[in-house]
Structure formats: C-alpha cells, structure tokens
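Okay, here's what each chain looks like letter by letter:
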4 protein chains.
Amino acid sequence: MNKNTFAKHPPMGWNSYDYYDTTVNEAQVRKNAEYMAEHLKEYGWEYIVVDIQWYAHGAGSQRDRFQYIPFSGLETDEFSRLQPDPERFPTSVGGKGFAPLAEYIHSLGLKFGIHIMRGVPRIAAHLHTPVKGTNVTADQIADPSSICGWNPDMYGVRNTPEGQAYYDSLLELYASWGVDFIKCDDICNTNLYPNHPFSGRHEIEMLAGAIQKCGRPIVLSLSPGPALIDKAWHYEKYANMWRITDDFWDDWKLLKDMFRRCELWQNHVSEGCWPDCDMLPLGKLGKGFGQERDTKFTPEEQQTMMTLWCIFGSPMMIGAELPLLDEPTLALLTNREVLHLLHPECRAKQVRLTDDSSVWVSLDSKTGSVCAALFNLSDSTASVSVELDELLETARACKALPDSEDPVSLSALCEASDSEELLPVLQDLWTKESRKADSRTLTAELPAHGCVLWKLCR
Amino acid sequence: MNKNTFAKHPPMGWNSYDYYDTTVNEAQVRKNAEYMAEHLKEYGWEYIVVDIQWYAHGAGSQRDRFQYIPFSGLETDEFSRLQPDPERFPTSVGGKGFAPLAEYIHSLGLKFGIHIMRGVPRIAAHLHTPVKGTNVTADQIADPSSICGWNPDMYGVRNTPEGQAYYDSLLELYASWGVDFIKCDDICNTNLYPNHPFSGRHEIEMLAGAIQKCGRPIVLSLSPGPALIDKAWHYEKYANMWRITDDFWDDWKLLKDMFRRCELWQNHVSEGCWPDCDMLPLGKLGKGFGQERDTKFTPEEQQTMMTLWCIFGSPMMIGAELPLLDEPTLALLTNREVLHLLHPECRAKQVRLTDDSSVWVSLDSKTGSVCAALFNLSDSTASVSVELDELLETARACKALPDSEDPVSLSALCEASDSEELLPVLQDLWTKESRKADSRTLTAELPAHGCVLWKLCR
Amino acid sequence: MNKNTFAKHPPMGWNSYDYYDTTVNEAQVRKNAEYMAEHLKEYGWEYIVVDIQWYAHGAGSQRDRFQYIPFSGLETDEFSRLQPDPERFPTSVGGKGFAPLAEYIHSLGLKFGIHIMRGVPRIAAHLHTPVKGTNVTADQIADPSSICGWNPDMYGVRNTPEGQAYYDSLLELYASWGVDFIKCDDICNTNLYPNHPFSGRHEIEMLAGAIQKCGRPIVLSLSPGPALIDKAWHYEKYANMWRITDDFWDDWKLLKDMFRRCELWQNHVSEGCWPDCDMLPLGKLGKGFGQERDTKFTPEEQQTMMTLWCIFGSPMMIGAELPLLDEPTLALLTNREVLHLLHPECRAKQVRLTDDSSVWVSLDSKTGSVCAALFNLSDSTASVSVELDELLETARACKALPDSEDPVSLSALCEASDSEELLPVLQDLWTKESRKADSRTLTAELPAHGCVLWKLCR
Amino acid sequence: MNKNTFAKHPPMGWNSYDYYDTTVNEAQVRKNAEYMAEHLKEYGWEYIVVDIQWYAHGAGSQRDRFQYIPFSGLETDEFSRLQPDPERFPTSVGGKGFAPLAEYIHSLGLKFGIHIMRGVPRIAAHLHTPVKGTNVTADQIADPSSICGWNPDMYGVRNTPEGQAYYDSLLELYASWGVDFIKCDDICNTNLYPNHPFSGRHEIEMLAGAIQKCGRPIVLSLSPGPALIDKAWHYEKYANMWRITDDFWDDWKLLKDMFRRCELWQNHVSEGCWPDCDMLPLGKLGKGFGQERDTKFTPEEQQTMMTLWCIFGSPMMIGAELPLLDEPTLALLTNREVLHLLHPECRAKQVRLTDDSSVWVSLDSKTGSVCAALFNLSDSTASVSVELDELLETARACKALPDSEDPVSLSALCEASDSEELLPVLQDLWTKESRKADSRTLTAELPAHGCVLWKLCR
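Keep in mind it's a predicted model, so treat the numbers as computed, not measured.

A. Structural context of the overall build of chain A. Scanning chain A for helices and strands turns up 14 helices and 21 strands. The C-alpha atoms of chain A give a radius of gyration of 23 Å, which matches the 23 Å a tight globule of 458 residues would have. Residues counted as buried form 61% of the 458 residues belonging to chain A. The long-range share in chain A, meaning contacts at least 24 apart out of those at least 6 apart in sequence, stands at 73%. Carbon and sulfur atoms form 49% of the exposed surface of chain A, whose accessible area is close to 15,900 Å². Side-chain charges of chain A comprise 43 positive and 65 negative groups, with the mean position of each set lying 3 Å from the other.

Here's what the structure looks like:
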C-alpha cells in the first residue's frame, strides 16, 4: 500500500478535544457525527476523531489538579492494549471496543479516527501482562526511561521484534474496529527530551509498518508539534500529517506565529504529506476544560485562520461542538471555493512575510487559476499591497513541474500583465464581490488581523 | 527573469580552490579552461570558476601564518569595488577587470564564474571611499559588527537603499565583465554568529535583486555550509545552489558524513534549486596550500563520491588541476549514463541509511527508467542488499506528480515484480556489465567504502 | 604587588556614563569631582571615572543614529594608543593626556579612573602604525576576527609578546598620567561570541600583567556583564571587580533580577574581589542620551537598591550628575551605618529568595554585629517575615573561618534566642527607629518594592 | 544542627560500587569494614558505604542486558520505603533493616553510609501504598514525569508537605538504623533533563530538612555530577559534598579532565562543603561488572590522582576491594603528610593549568607551611617548572582571611625569597627525599602523567 494514497488531500473532520478535553462519551461523538453527515459532509468534511484518554476511568474528574490523573485506572485487555472506558463508551463492552461506534459512523458515510499515546501502558509493564503474538510480557518491551512529559499513561516501546509485535497487535485491533485515522501523540516531537526530540523515530516506523501489515489504509497523524524541520523527509516517508505547532488555541499570538510556521513548511506540502496547523478553535469550546465558552477569535481572525489553513494546505479538524455551530461559523466552514484550495492540484507559496503583513499565492496546476491572499497582521486597519508581477512570478514557481508550460489561465494572466487595460478582475472568495484591479499594484484595505482572498480572473 | 531557468540542471565545472588556494593566476585559469573545452565540455562540464582572493596583493605569500593576510593590500576601483590583482591577472589592467579572461573562456564555449565575499572591503569603510550611484561613502553602508570569522577582507553591508545600490554596482560590473556564475561566501551560514547564522539573509536578497536588475542570467551559489535546513525555502526562492556542508576534502569521514547530509536535503532538489555537496577533490590537489599531492580518496571512494553526487543531484565542481588528470579520473568524470542522473527529470530518494550501508534509488520521470545505488559504508568488504519491492515503492515516490500514472518502464518493472521469472536485469553503470537479478532481494558484494550503481531493465 | 590590596573594600565613586553617555568633557568632570570632595568624600566616595569614548572626535553628534559613530575619527598617538579628544579635554594637548586632569582630581583627595575598550584601534591596524617597544606595527598584533559587537573602535589583541608589549605601553602611559582605576569593556563577557564569551581571557591576563609591571596599584574593573560564573576563579585571580549584569538602569525589572544575580555570586565576595552590580542610576540622568530626566526608581526602589548593593558588597558608582543631587538622594548616599556593610569584615548571605520576597543577613566578623534586610519584591504592600533562628544560623555561616568561635555579639544574640524575654531590639538603619522584636518570627510591613534594614541588638 | 560540622574535613572511606556494582552483600561489607578498622582507620579512613540497589531482588542477575533490571522486584516496607534485600543482607529480616550491620560497623569504630535514589519507588506509586505520617498514598506524592534517565526504580517526589513527610519518614528510618552518611543519587544533576538539570532542587532541600529533623548528624553527599557551578551556593547551603564529575573511572582522559574540574571548583572548598572528585579506582575493581581486574592506572597516574584529590581537598572513597589491597596501593593510602593536605586549615589554589602541565599550591593557615604539586599532563617525560615567587604569591592568596598577617613559615619562605642563598629545601612527600632548590625557578623532571609533591622548608 502506498501511504500517500490514504490522504490525497488534507484530511478534514472534527476532533473532540477542544470542546470535551478528556471527557467525551459515545453519545456526544454520535451527535457530532450526525451533524457532520447532515451539514458538512457534502463539503468534504469526513473524519470523526475521538481524542485523548478514551481508555481512562474517571477522566476529567480531578480537572482542578490534573488534566491526566496520574497512576489512575486505565481500561486494558489481556494483551496490554488499551480499550474504551466502558462507562463512557457503553457499546464497547464485551470486547467489542470501538467497533460499534465505528460502524455507526461509517453508516453515516463518515470515517472514524482515534487518538493514541505512543507506547505501552505503564501499568502493564509494572504488572508484567502479556504481549499478543509473543512469549514476552510488557515489562520486556517497555523502555523505563522513555516517558511522555505531560501524560503519565505510557512507556515508550523498545525497538525490537517484540516491540513491533506489540504495535502490530494494536493495529490489528484497530483495523478490526474499523479505525480510519490514528492521531498518535508524544511521537512527532518528544519534547521531554530537548536534546533528543525525535526519540520516537523508531516508533513512527513501527506504527507505519504495522499499518502496512494490518491491510487497512489508516491515515497516520503525528503529534505534538512543533515537528522538526530536519526530519521533514522522515515524516514525508512514513506519515500523512504532522503537527507543525504545539497545541493551537484561539489566541492571536498563536495565529500570528502560524505564518512563520507556514513559511517554514511551505515547500513540504504534497499529496499524502500534510504539515498540520492543528485544530480550528471555532464556535463553542472548552466545556471539558471546565468552562464552555465561545472562541476568542474575532470574525476577522476566524477568516484569517481559515484562509491560511486552506491556502497553505493544512489538514482541518474542527474543534467546535458541531451541534452548537452558528450560521457565520458554518458559512466559514462551507465555502466551496475556499475549500478548493486544499485540493492537491493547488500548490501555494508565500510571497512575503513581515511583522505587519503576509501575502500568499496559490496556483491550480490543472486550470492555471491563481488565488492571492493578503493578510493584515498589524493591530489596526491597514492597507496591504503586492506587486502583480511578483505575485504571478511566485505563482509560476508553484507549478509541480517547473519546466512545464504554463497552464492556460496563468498564461492569460501573465499576458494581461503587459497591458494596463488588461488588468485582472479580483474576485473576493469570501464576500463574492468582484472588482477590476486599478493598477499593477494590488492593494486591499484590511481590518486588524483581517485578510482578503482573491481569485484573479481575466 | 526566473532564476530557476539559470541552472536547469546542477552546474558542472572546475574551481581553482582545491589546487591553487588563493594563488591562481590568469595563465593557470586559461590552461584549465582549454583542457575542459577539449576533454570535458561534451559531457556537460562548462563552468570555470576563479575562487577566493583574486583581488588580493601577495595572496598566499604568508601561507605558513595566514591563509588570508590581515590588513593587507586589496585591488579596488574608485567605487569601493574589488578588482583583479593586476600582477596575477595582467589583462585586467586599465579597468578591464575580468572582461578579457571571460571573453576568452566564452570563446571556448564555456562559462565564467568568480568567487566573492559578502560585503564591502573594510579598507573602503575606513577610508570613506564612494559608492557608485549614491552620494554616500563606504563607511555609511558598512556594518562594523558584521564580519567574517575566517577572512579579514570585508564588512557586511547594511540593509538600506544605499546598500542595495552597492550590490547593484557590483552586479553591473560583473555583468559587464561577462560573469556567468557567482559563488558568494560567508553568506549561506555566517558561522561567526552561532545564534544568528542567517545574518546574511538580507544580503542574499540584495544579491538576487541585483542579478535581476543586471539583466544577465548569473547563477547564484551560496557558501559556506552547512546550509540551514530551516531556511531551505529561502535558498530555494533566491539562489541556485547552496552548500550543505562545510569545506569538503578528500577524507572518508567527510564523505561518509555526506550521506547524512544528502538524507537531510533529499526532498529539496529541484530545477534551479541545487543543494551543493561541494567540490570534487580528485586528481592533483593542494599546490597552493603548500604541497601538491594526489587525492587521498581510494578508487572505491572516488566512485562512491561520484555516484552519490550524481544520484542526489548535487552541483559538481572539479577540484583537480585539469591538465594533470589521469585516465581513471577522466573516466570517472565522463560516464554519460552516470551523469544523466543529474538531469532534472531524474529525481532520487534515499531508501535506507545505516552506519554500515546506504541505498538510493533514482527515477527518470520521462522514461520511467530506474537506477539504484548500493553503498558499503563499512571499513571492510561486505554484502549490501535491498528488497526490490521497497526499491520500486520508493522509486514510485520519486514521481514529480504523485498522482500521475507510472511511466512505462516503471510500470513494467513493477509488473515484473509479480513474477519470479521476470526479475530485472541489473546493468552496472560503472563496469557496463549486466546480470539478471536472482531473487527479489538485490544483493551486491562491495569493497570497503565502495558502491554499485545499477540500471534496472526488463 | 598583591592586586587584592588595591581594593580592600568595594570601590565607591562616580561615573560619567549615566548622565553624559559619550559626551562628557573636562569641565564637567571637574565639577563632579569638586562636589564629591566637598559632600561625599568623608563617607568613603573617592573615584571619579571618565567613561567611554573620551578619545572620539564628535562623540555623541549622531546620537539619533549611532551611540558610537562607525569609522569616525579617534585621537591617537604615534604608538597606536588612544588619547583624550582635545576638543573636550583641552588640558590634554601637547601629549599631556589625562595627566593634568588626574592631577587636579588627586589634589582634591580623590582618585581618577578611565574607561577603555579591550584591544587596539581598528584604524591603527588598517594604517599599520607602530607599537611602542617593538618593531612591529598594529596590523601584526590586531586580530581581525576579534571585534566588539556594539562598539566599532577596536580589534582584539593577539596573545603574543608583541601584544603584551602593546598593553604594557598602555599601562605605562596610564600610570604616567596618574590613573588609579581602569574599567575595561568588552572583556568580561565578549557577548558577540555566545559560544566563546570568554574570548578576552588572555587580554585580562595581559592587562593584569601590565598593571603589575607599571608599578602603580591600578584597580582593574571588567565589563560588561553578565560575568561568567564558571570563570569566577579567573576574575578573582586577575581582577578587582567584574560586572555581574549587563548595563543596569532605573527599571524595576532589572532591579528585581539583581536579587537572582546576587544569589548566584553571594559566595564570591571577598577582599579585592568584588562582583559588581553596576552603577547607581539615581538623581538626574540621561542628558547625553538626548533627554535629561530624573531616575525612574521610586524612593522605595532607591532604598532597596542601596540596601542590596551594600549588604551584598557591590562596588558603588553613582550615575547621577552630582552637582544636581537633591537632599533625599544625598541622604541615601551618606548613611554611615548602611555604608559600613561594605567593609570587608562584613560578610553576607542570602537567607531566602522567592518571587515575592528576599531576606539577607550580614555579619561583622570583628564585632559580631548582625544586620538583616527584608525586601518586598511584590507589586503591593506586603508583610515579609523571617525566623530569627534561621537568620542567626545563616549569620553564623558568614564567619570567615567556619571553625572559629562566634564573635561576642553573635553569641549574645544566639543566647538571647533561648528566652522569649531576651528577644533582640531591631534598629532600623534607614529610619533610625528601634523596636523590640515581639516574637521569634521577625516581620515587617513593607511597601511595594520596599525594604527594611535592621541591626539586631540585645 | 549546623550541617558544616558534620564533615569538618573531606570524608574518607570505602564504597562498594567500583568492585561490586549492584551485587554487594552483608558478608562482603563486613570484610571490608574489618580491613579498614585494622589497616586504614588510624590514617583517617572511617566511612563504609553500601552503594546502589541494596534493596533490589536479583540485582546483577541480568548484567549482560541491564545494570538495573527494569520493573523487577524491590524490597519495600508498608510505608513505601525501600528495605535491604533479605537474601543479600540476612540480618535485615524482621524489619531490622540496616541496623545490625550499622551496629557492627560502629563497633569497629567506623561509620556507616548508604546510597539512595532520589524519590519514591515507582511500584509504590502504581500500587498506591501508604506514606507514613500522612493520610495519602504514594501515587499522591510521586511526580510521574520526574524519573531518572539511567535507573528505573523511582519517581521524584512532589514539593508538598506530604512529600516532605515521606523524606522525613525515610530519615527517621535511617537514623533509627544508625546511618551516618547518605549518598543520594539522581539529584545533583538530573541529567535526563538537560534544560532543567537542577530539577531535584526541592528534593535536596527536603532531604536536608529531614536530616535536621531526624536529630542525627548525617553527612549528605549528592550525585551524580557534574555539579552545576551556578548552584554552588545551594550545594554549599544544604549539602556536605557534591560530585563535580560524572562517574570517574581508571582512564587517563578522565583523570586529566579532573584538573579542569578542580580549576573550576577551587574556590568552593571549605569546612563542611566539599566538591567531590568521586571514588578512587585503585587496586582490584570490577567484579560485579562481570570481570575482576586491576586498576588501569599506572603507578604514576595513581600518585597523580592521590595528589590532586588531597591538595584540592576532595572527599576520598576507595573503590578497591580492601582485603585484596597490595602494598604499594596501601602505601598510597596511608601517607600521613599527604593526607594532612585534606585538613580544613589547608587551603589550595591552582597556580597554572595548560594542556601539558599543572601546578597547585597549598597553604596551612595555622602553621604557614607551603606545599606545591607539579604535574606532567603530557604523554612523555617532561620537565615542569614554576617560579617560586608566583608560587608564594598564590600561597598567600590561600589565606582564609586575606587581610591577616602571614603565618610564620610563609613569612620565612617569602623572606627567603629575597636571597639566593636562602632558597627553600624541597621535601618530596612521596619519596621522602629532600634537596635544596637551585634557583628561583623550581623544576622537576617528571614521567608521563606523573607528579611531584613538595613541602617547601627553610
């Protein structure tokens, strides 16, 4: 199986974390899936992902002191494998695991994903429980000096045949459940070890190998970030997406910083290989963290986020509680022309990044269609400009095959650029308004933290 | 001008440094150019590059104490620009600069390159000499805290319009001389400043801008390495090649380490964008360093170097004194099938790197032809193997457009892989011998530090 | 000469920098000296130090763009040595240098100090001017890759006999002028080179050697900080004081941070060896920086600074323009009991440092007298406490000879601590008020950023 | 209790690690104690220390794979406290712990020490066993993200009253056993966390506090090194000794490197505060590591080690199996005049350290007696010299009170230095030979890695 075919475009879906933290239960997952099937599926949204600690008893019950209760009860099977907490996921009892839930989600025409932590449960190592398909016990595959700095559940797995057998047994189980997507955590950047942030490397390879063996095309998503740019080739070889940032939340500082991260990773976006800007903290958030609230992003910031994620080509996982989405947020998530930028024939490059502004351009290699995004990163209304020639020159550099002929629309635009009267029409993909450019310098008046996204037409 | 069209394939040529250090003179440059025109040009070799301190009086005369004599005489014009040392480059007198030498090299059907140091001469700043096209003097564009850690000649230039004017005046001069290639030093990694190794960033942009303005398609090569992987996008935007290593010499440790560097940069090789493994220290070397000698690389190591540089897609600059080349070295440099791997339609990926071995595969996107290189990195004879399926899977990942159909030869090879009797023929591109693979595991017995380079055929 | 005898207690004086920046002139220096002789000398204040660029023509004349004008004129003698700018220091003409000014200051019963930059003037290296006592020129002793990151005047000096001869010639000159104190800059932490911040090490040793040879007991002060704690033994061997902080100004953040620095260096304060908290930015400041202003420190912060500097044992150099001192500031600087803490028989230790408070204790090894300082580091009024027993235990650890008997007052206090009725009297050294402690927990109500300094008496 | 009185001179003793690794048993400890009592005690040797994993079942039984078997059985009591492995320490059964062994060692006139790991057993946290004196269980005091990088037994303890209660319960137990010395590991430098190597800081303070409460003057020794020089003040405040090096073994590279470490810490040696160069790998070593062997140090290196440790003032713990000591090794360990340098009235300083040689000088503040050590750090026989004046000047700087009068012998030596005929007599403390210095430059011909240690006499 070619893992790049598992995710031909950036995965789009919903993730339970931003709203539920560790507390999500089966009924809640189903409700979100139903909403997606009804309102979002037709626009390309398809993954429903259950995030961290679905296996933990009493998850969230000591939220004032711990996000993850140390040394607390975890649901495991006889082979040292975590199972859904039966209290929260009642259909999982009797060894059925997530199969019933996955089946339901599949029945809605959607895909099902789960979060896992790298490694084997600590308690399994201390209690010497078996590893399926081997004659060893968990203490023999667990590495006592490989832990996660922020979650107390697991030990890393040693790079041995028995360790691989453990991962194989995990993927065999997940495939039997019908899992389509795995978000593995504490593996992309093992940040407890600043001198060895890629200490999970062999576990990435073991996971990728186990996916190949399990026979199901399961998308592999790596967390947390920031991913290591010097390991880009390795992520590209083994995974489908990797987080280029630490946890992203609704904070302008983080959003502004994402421009720098997208600059860094702009030439690493390709079919099956998606640098990941993390979830979209839109709509209602935070209930599991102790207080339900609306996103702190302004409407302008929300549009800026959506524009950047789409033009850059990031996976998109909605953090909001879907049934509570309001109209404006739903509109943000269902703009077909904006979402088209995620298609793999669209490639984009940054034209400029300063402290105050950013400009990106995207080229559709098939149609030659060119889109430009201008961002006002300053804290007040400002005018942001870009030279049409620089824009088109950069668009040209987005061609998948540099040596190939320009696609027809690009040619037309470049030709246009020789005559003042043939200046392009700027079609605003968010407002749907169009206007003719009035000079070879394209300029937009933008509110603080706002943006415009134009399609350039003859 | 699209700078990627300046260097559609990795530049191939000769550089004066490895043999002459700072001491090369005009007659020597001409002799090497004549040799290239006669013996190497037809294979694609075309650049003749004069390396460091062509402007320095008495260069090399205190070689026991200094490579670069501090506070010594430099030839400059009235506009704070360095000129060739008239003693060593006699045709340069009367303000002609390198024009006569460039003209001669062009007359041989070759291209002419020079080395420069980032910045403006220190002495110009201390003497307040003029900057062409401005009403300022050199002290006003020089940054007194921006120096090179290993060469005493220059101050960095400030990021101002007057600074840009200085670089414009340089490129105007070089274009008037007929320069085709600039190797700018102390700019790719300004290693004196470990916390700010990219402090020359604005000077890269100023140089690239000055090239655009000068109207001549001059290839821009950045030194020294190691280039910064997190600035890959910037090099790709502004330069044609950048050194991924500090100075490379004929030392197995450095050659072995290059495998790690090629691993790192493997997904950054594209038309007009060439990560640079540095010069080929073959043949006779070192005269200007105080002792003429033969390369210390064994024949196996020489073949390994050529194979890696070609399959990876590095620029290739010969360090040897060309008129003294012997037959085996000449043969290494003139193998058309091996050199074909440098063509931009060929893309390669590393299949594996361990402490003992490495395997690479290259795909010709046009013909679908597949080549594989197996390297023995250990210090004794060893057998190196690779699974045919892994090789072909990796070759498939080399396609420029992942989604495109497999080219015909690749399809044929992959089909072949379904039947034992259809195993590929392995054609050794160095020895020209062919043999049928005897199993789906391809194996080669290799001498210490040696390699094999196969073309896979039906 | 034993350099520790040059500064038996922390040097106390005035420095031109905080008020005049680079612009100070002879008349201004004299006026400050006269004020000191009249109002401060009797309290121990004795040094008058002329800070940076007394040798620079037009210093300060481009203050909007440069603190130090690059490549500008410097006054030098025939031996590559800097001389006072004759415009600002008119008595220096005719080769007299600072001798007339030093003589005047000595005539007031004070001592004279100058600031120098490590190294030899860059212009001397580029112009190849002579080095006294040698047959070499400045280019042969200058290291072209050793510069200061923030001042463009000098090159570092090579570690050779000719380099030593240069420093010997400097100290010969300074001794002939009557200099008593040298503040050498860019030498304690050569911060341009973060991997080699002690690259000036050999120049410290050369300076110390030149002082020994010159025959005059000149105090050696090293800047800038932060001094490197792993080189404490080296500073202690060669210098009299070294800056433990980068430039200190009237900013609470910097003052609060000084507590951490004093914690770090607390066990490195001894006779002739004084970690230096930098100048006291009190009174009128900043005229040479473009705007004369009052210190931004509140009265509480001023008292906190004075208390910390004194109890820790820092050198004290007043930054204010002395003739403009007001009464409260003068009172701060002339409190004999507080200043007594600087005497070398007083040793102090930190009892506690938290984010909100700090406590220090000082023991006079001769008299056994104990002083305690309690600081409120929080931003609002707060009560700060310390256990009497912990205080006295720490005071005991301040004895120069741990094994020696307790001095009499300390014994008395410790005895007192056995009986409630014998609690100590707390004598406030700033307000002069006394009160009996009311429990074995000593507590003070303190304003934000304020402190109390008690002498503990029976 | 003043902790500095617990170790008035550097502790001297024997440690089980170098010979036994984790495997030592009671009979072996007793045999070594008996040897010490008979042959070494009169020279000051007094501590018998049982090193790591005395609590581990089957310690050393998987030595080919693990030094410390992960997730294996540990002997614990009902309060989450480790107890001696009853198989190896049979007198410990019935809850007696180390009391019987300690009693025996005390009966020999010696002192008893144990090694502990920072923290609480991991298994106690996972099994939720009680913490004495509290109503919490071990999971509530264990920090799941605080582990040791090289030993799998423990979790760090949180900085809470319950955490302090755990340490109090440990020290109560150890005091009841009669423990005199604790070597706590994974606490001086928690090197798993390179960005936070002092993450055990609060556990140092908790241990020191627990020692104060337990009422027994237990020496606190911190491992592993390298200790952090910027925390010197903290070690000095809370501990008696701290390792300035990672594990030291019989390897010249490590011994040579110790000169740099002693340079760094030279001004931090005082009564009760002993930077620790680690154990003396002399005699028979390594049995528990799988192969009994003789020290790899040459006789010259052994003498160099002993000389450096003594003149610097390091604690000295013999690594050899004592009953197997040969005569020359015993002689090294029983030279009274050399061992005298450890007395707290002797203070030493480094005079010089180069790549080839080192010179140290020691002053006895009471008698004024001066000793000098000259080391040949090169790999061949060489002559090492030092100027008598520099030596005496440095000796003078060793006075505890810089301002005090010179002691009589030092005065005599310094006076002597004014007349050639009064040159000192050099008494070799190792060979016992004496000779008169023949010039003011003292010179020794020394074998590779060898040294001389002179007492200077009139």
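B. The relation of the copies chain C and chain B, seen in detail. With an RMSD of 0.0 Å, the fit of chain C onto chain B corresponds to turning through 180° and sliding 0.1 Å along the axis. Interpreted geometrically, this transformation is the action of a two-fold axis. Same-surface contact between copies: 100% of interface residues of chain C are shared with the interface of chain B.

C. Highlighting the packing of helix 9 (residues 252-265) of chain B against helix 10 (residues 299-312) of chain B. Residue and element names in this part refer to chain B. Interhelical geometry of helix 9 versus helix 10 gives an angle of 15° and a closest axis separation of 11 Å. What the angle tells us is that helix 9 and helix 10 run roughly parallel. Two packed elements cross with a definite hand, and for helix 9 against helix 10 that hand is left-handed. In contact with Trp252, Leu255, Met258, Phe259, Cys262 and Trp265 of helix 9, helix 10 contributes Glu301, Thr304, Met305, Leu308, Trp309 and Phe312. Among the residues forming the contact of helix 9 with helix 10, the class breakdown is 10 nonpolar, 1 polar and 1 charged.

D. Quick look at the relation of the copies chain A and chain D. The transformation that overlays chain A on chain D combines an axial shift of 0.0 Å with a rotation of 180°, and the residual RMSD is 0.0 Å. A shared interface surface links the copies, since 100% of the contact residues of chain A are contact residues in chain D too.

E. Region of the structure containing the interface of chain C and chain B. Residue-level contacts link 21 residues of chain C with 21 residues of chain B. Summed over both partners, the interface of chain C with chain B buries about 1,900 Å², with 68% contributed by carbon and sulfur atoms. Remark: the boundary between chain C and chain B carries 0 salt bridges. On the surface where chain C and chain B come into contact, there are 7 residue pairs in polar contact (both at pLDDT 80 or more). Counting residues per element, the ones that place at least two in the side of chain C that touches chain B are helix 4 (122-127) and strand 5 (142-147) of chain C. Its residues placed into classes, the side of chain C that touches chain B shows 13 nonpolar, 5 polar and 3 charged.

F. Seen up close, the packing of helix 2 (residues 26-40) of chain C against helix 3 (residues 99-107) of chain C. Residue and element names in this part refer to chain C. It is at 10 Å that the axes of helix 2 and helix 3 come closest, and there the two elements cross at 15°. It follows that helix 2 is roughly parallel to helix 3 by the angle criterion. Helix 3 is crossed by helix 2, and the crossing has right-handed handedness. Mapping the contact onto sequence places Glu26, Val29, Arg30, Ala33 and Glu34 in helix 2 and Pro100, Leu101, Tyr104 and Ile105 in helix 3. Its residues assigned to classes, the contact of helix 2 with helix 3 comprises 6 nonpolar, no polar and 3 charged.

G. Structural context of the packing of aromatic side chains. All names here are of chain A. According to the stated counting rule, one finds 96 aromatic pairs over all chains in the structure shown. Ring plane angle 70° and centroid distance 5.0 Å describe the contact between tryptophan 54 and phenylalanine 98, whose orientation is recorded as edge-to-face. Pair noted here: tryptophan 54 is in the loop between strand 2 (47-50) and helix 3 (99-107) and phenylalanine 98 is in the loop between strand 2 and helix 3, with a separation of 44 residues, a long-range link. Judged by relative accessible area, phenylalanine 98 falls into the buried class, the value being 1%. One aromatic cluster in this structure is built from Trp54, Tyr55, Phe89, Phe98, Phe112, Tyr174 and Trp177. Positioned above the aromatic ring of tyrosine 155 is the side chain of arginine 122, whose terminal nitrogen or guanidinium carbon lies 5.3 Å from the ring centre.

H. The pairing of strand 16 (residues 370-376) of chain D, seen in detail. All names here are of chain D. Of all 7 residues in strand 16, 7 are buried; the element is thus mostly enclosed. Side chains of strand 16 alternate between two faces, with Val370, Ala372, Leu374 and Asn376 and Cys371, Ala373 and Phe375 buried alike. As judged from the 7 bridges shared by strand 15 (residues 357-364) and strand 16, these two strands associate in the antiparallel manner. Paired with leucine 363 across the strands is valine 370, a residue of strand 16. Here strand 15 folds back onto strand 16 in antiparallel fashion, the turn holding 5 residues, of which glycine 368 has a positive phi close to 80°. Two strands pair when backbone bridges link them, and strand 16 and strand 21 (residues 451-457) are joined in this way by 6 bridges, in the antiparallel orientation. Note that in strand 21 the partner of alanine 373 across the bridge is leucine 453.

I. Structural context of unusual backbone geometry. Residues and elements named next belong to chain A. In this chain, glycine 225 is followed by proline 226 through a cis amide linkage whose omega measures 0°. In this fold, proline 226 is placed in the loop between strand 8 (219-222) and helix 8 (232-238). In this structure, phenylalanine 71 is a non-glycine residue whose phi angle is positive, near 60°. Position of phenylalanine 71 among the secondary structure elements: in the loop between strand 2 and helix 3. For phenylalanine 71, a relative accessible area of 8% translates into the label buried. Positive phi, normally seen in glycine, also occurs at aspartate 278, with a value near 80°. Judged by its relative accessible area of 4%, aspartate 278 is buried.

J. Local environment of the sheet that holds strand 6 (residues 154-157) of chain A. All names here are of chain A. Read across the sheet, 3 strands follow the order 4-6-5 without closing on themselves; strand pairing throughout is antiparallel. The sheet is open, and its two borders are formed by strand 4 (120-121) and strand 5 (142-147), each paired with just one other strand. Where strand 5 meets strand 6, 3 bridges bridge the pair, whose relative direction is antiparallel. When the sheet's bridge partners are listed, alanine 142 is paired in strand 6 with valine 157.

K. Molecular detail of the sheet that holds strand 5 of chain C. Spatial ordering of the open sheet is given by 4-6-5 (chain C), a layout of 3 strands whose pairing is antiparallel. Edge strands, defined here as strands with exactly one partner in the open sheet, are strand 4 (120-121) and strand 5 of chain C.

L. Examining the pattern of salt bridges more closely. Enumeration over the complete set of coordinates arrives at 101 salt bridges over all chains. Notably, a salt bridge pairs arginine 88 of chain D with aspartate 85 of chain D, separated by 3.1 Å at the nearest N-O pair. Connected through salt bridges with shared partners, the residues Asp77, Arg81, Lys132 and Glu172 of chain C form a single ionic network.

M. Region of the structure containing the arrangement of the chains. These two, chain A and chain C, are apart from each other, with no contact and a minimum C-alpha gap of 18 Å. Chain D makes no contact with chain B, the minimum C-alpha separation between the two being 17 Å.

N. View of the interface of chain A and chain D. Counting residues at the interface gives 21 residues for chain A, matched by 21 residues for chain D. Buried surface at the junction of chain A and chain D, both sides included, amounts to about 1,900 Å², of which 68% is carbon and sulfur. When the buried surface of chain A facing chain D is broken down by residue, Phe71, His126 and Pro144 of chain A rank first, second and third, together holding 36% of it. Inspection of the chain A/chain D interface yields 0 salt bridges. Between chain A and chain D we count 7 residue pairs in polar contact (both at pLDDT 80 or more) in total. Of all the secondary structure elements, the ones that give two or more residues to the side of chain A that touches chain D are helix 4 (122-127) and strand 5 of chain A. Looking at the side of chain A that touches chain D residue by residue, the class counts come to 13 nonpolar, 5 polar and 3 charged.

Here is what the cut-offs are and how they apply
Residues numbered from 1 in each chain as written. Chains lettered and ligands numbered in written order. Predicted model: local features only at pLDDT ≥ 70, side-chain atom pairs only at ≥ 80, totals over all residues. Heavy atoms only, no water. Helix = DSSP H or I, 4+ residues; strand = E, 2+ residues; numbered from the N terminus. Rg over C-alpha atoms; globule rule 2.2 N^0.38 Å. Buried < 20%, exposed > 50% of the residue type's maximum accessible area, 1.4 Å probe, protein only. Contact = heavy atoms within 4.5 Å. Areas by Shrake-Rupley, 256 points an atom, 1.4 Å probe, with all protein chains shown as cover. Lys, Arg positive; Asp, Glu negative; His and termini not counted. Charge placed at Lys NZ, Arg CZ, Asp CG, Glu CD. Least-squares fit on C-alpha atoms with pLDDT ≥ 70 in both. Axes fitted to C-alpha atoms, helices over the stretch in contact; angles between N-to-C directions. Parallel < 35°, antiparallel > 145°, perpendicular 65-115°, else oblique. Left-handed = near helix turned anticlockwise from the far one by under 90°. Nonpolar A, V, L, I, M, F, W, Y, C, P; charged D, E, K, R; others polar. Buried area = accessible area lost by both parts, 1.4 Å probe. Salt bridge = Lys/Arg side-chain N within 4 Å of Asp/Glu carboxyl O. Polar contact = N/O pair within 3.5 Å; in protein donor to acceptor, adjacent residues only side chain to side chain. Phe/Tyr/Trp six-rings, centres within 6.5 Å; stacked < 30°, edge-to-face > 60°. Lys NZ or Arg CZ within 6 Å of the ring centre and 35° of its normal. Pairing = 2+ DSSP bridges.

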